[in-house]
Amino acid sequence: HVLEIPVIEIDTKNSKILFDNNGKKFEQSILDGNCKLQWKVDWAMRWSALNIDYEMNGKDLIPSFELSKQIAKFIFNKVPINMSYELFLDQNGEKISKSKGNGLSIDEWMTYGTKESLSLFMYQNPRRAKRLYFDCIPKSMDEYKKYFNVLKEKEIFENPIWHIHEGILPESIYPLDFSTLINLVTALNTSDILTINKFCLLYIKGNLNVEEQKSPQKITKLAVKYFQNFILPTLKKRKPDLNEKRVIEALIMEISSNKDELSAEDYQNLI
């Protein structure tokens, strides 16, 4: 109930507030969630009651923070250290909001990317407005791999990976760029994890241990989901005409007849 009636008395001994309800006394306990302050005042009261040291908020709440700061100074003269971060925008540069439904939730990100890639996206440039939409996921996945690969070369505390993992670093990560993997899934036009994984191991051409061989499978599942939802619906396929079919068959025969291992340049020359 929202009360818009005068307060007669504040009973601090019994933790109650007494109101004037048209000449009759109406009392209400402030305990057990029976009473709530308006949110701007409530924010400052929580800082004081819970002894908060650090508060971060979106830049749209800067005026509210300034008001709460005055209230907190009045109560215990302690204001949390504050950092105001920029807003997230959609692919059109418009503010993300629940009412518009143009946001990207944590669960949606985790359907196509890793928790670490999301942490990296959040970690970088908090004071700069960032576009948050599905195309950000492959980019962030690749950036995470890039930072991980230079972890030993640079000052470790300057690398975001150290902070994301709170100093407890994984021994290895996926051996293939996520965008490359999406391209591979698209080229193969299949959602079969084992088939894609075999091509991954061929592509890597490295001596991977058992754990490293499992690594491509984990992100392959994410890449397949990304392919199914964002790439496959837009693909427009057609059958090759007679001349194209002859060329493709000739190329297959040319590759098959070559017993030596071919380089990328060899394949290009054959084509």
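Residues numbered from 1 in each chain as written. Predicted model: local features only at pLDDT ≥ 70, side-chain atom pairs only at ≥ 80, totals over all residues. Heavy atoms only, no water.

A.B. asks: Provide a residue-level description of the overall build of the protein chain, including the pertinent values.
C.D. replies: In terms of regular secondary structure, the protein chain is built from eleven helices and seven strands. Scaling as 2.2 N^0.38, a compact globule of 271 residues should have a C-alpha radius of gyration of about 18 Å, whereas the protein chain reaches 29 Å, well beyond that. Along the first, second and third principal axes, the C-alpha set of the protein chain runs to 100 × 45 × 30 Å. Looking at the protein chain residue by residue over its 271 residues, the buried ones come to 28%. A fraction of 54% describes how many contacts in the protein chain between residues 6 or more apart in sequence connect residues 24 or more apart. Surface exposure of the protein chain reaches about 19400 Å², of which carbon and sulfur atoms provide 53%. Charge-centre separation for the protein chain: the mean point of 37 positive side chains lies 4 Å from the mean point of 37 negative side chains. (Helix = DSSP H or I, 4+ residues; strand = E, 2+ residues; numbered from the N terminus. Rg over C-alpha atoms; globule rule 2.2 N^0.38 Å. Buried < 20%, exposed > 50% of the residue type's maximum accessible area, 1.4 Å probe, protein only. Contact = heavy atoms within 4.5 Å. Areas by Shrake-Rupley, 256 points an atom, 1.4 Å probe, with all protein chains shown as cover. Lys, Arg positive; Asp, Glu negative; His and termini not counted. Charge placed at Lys NZ, Arg CZ, Asp CG, Glu CD.)

A.B. asks: Please provide a residue-by-residue account of the packing of helix α1 (residues 39-50) against helix α2 (residues 62-75), values included.
C.D. replies: Running from N to C, α1 and α2 point in directions that differ by 50 degrees, and their axes come no closer than 8 Å. Regarding the angle of α1 to α2, the classification is oblique. When the axes of α1 and α2 are compared, the crossing they make is right-handed. On α2, the residues touching W39, K40, V41, W43, A44, M45, W47 and S48 of α1 are S64, F65, L67, S68, K69, I71, A72 and I75. When the residues that make up the contact of α1 with α2 are grouped by side-chain class, the tally is eleven nonpolar, three polar and two charged. (Axes fitted to C-alpha atoms, helices over the stretch in contact; angles between N-to-C directions. Parallel < 35°, antiparallel > 145°, perpendicular 65-115°, else oblique. Left-handed = near helix turned anticlockwise from the far one by under 90°. Nonpolar A, V, L, I, M, F, W, Y, C, P; charged D, E, K, R; others polar.)

A.B. asks: Can you break down the pairing of strand β3 (residues 24-29) residue by residue, with the values?
C.D. replies: Sheet topology places strand β2 (residues 16-21) next to β3; six bridges connect them, and they run antiparallel. Considered in β3, the bridge of K16 is made with S29. Between β2 and β3, which pair antiparallel one after the other, the connecting turn spans two residues, and N22 there sits at a positive phi close to 55 degrees. (Pairing = 2+ DSSP bridges.)

A.B. asks: Outline the nonpolar core, listing residues and values.
C.D. replies: Core analysis: the largest hydrophobic core is formed by 33 residues, its most contacted members being W109, M141, Y144, F178, L181 and I196. Contributing elements (two or more residues each) for this core: α3 (106-112), α4 (115-123), α5 (136-149), α6 (160-164), α7 (178-188), α8 (193-204) and α9 (210-231). In terms of residues, this core owes the most to one element, α9, which gives seven residues. Contact partners of L181, with chain neighbours within four places excluded, come to L176, I196, C200, I219, T220 and A223. (Core = buried A, V, L, I, M, F, W, Y, C linked by side-chain atoms within 4.5 Å.)

A.B. asks: Quick rundown of the sheet that holds strand β1 (residues 7-11)? Include the residues and the values.
C.D. replies: Pairing in this open sheet of three strands is antiparallel, and the strands run β1-β2-β3 from one edge to the other. Sheet topology places β1 and β3 at the edges, where each strand pairs with a single neighbour. Each neighbouring strand pair of the sheet contributes to a mean axis angle of 20 degrees, computed without reference to strand direction. In the sheet, β1 pairs with β2 via four bridges, with the strands oriented antiparallel. By the bridge assignment for β2, E9 is matched with L18.

A.B. asks: If you had to explain the packing of α4 against α5 to someone new, which residues and values would you point to?
C.D. replies: Two elements in contact, α4 and α5, have axes separated by 9 Å at closest approach and are oriented at 90 degrees. When the interaxial angle is binned, α4 and α5 end up roughly perpendicular. Contacts between α4 and α5 involve E116, S117, L120 and F121 on the former and, on the latter, C136, S140, M141, E143, Y144 and Y147. Across the contact of α4 with α5, the residue classes tally to six nonpolar, two polar and two charged.

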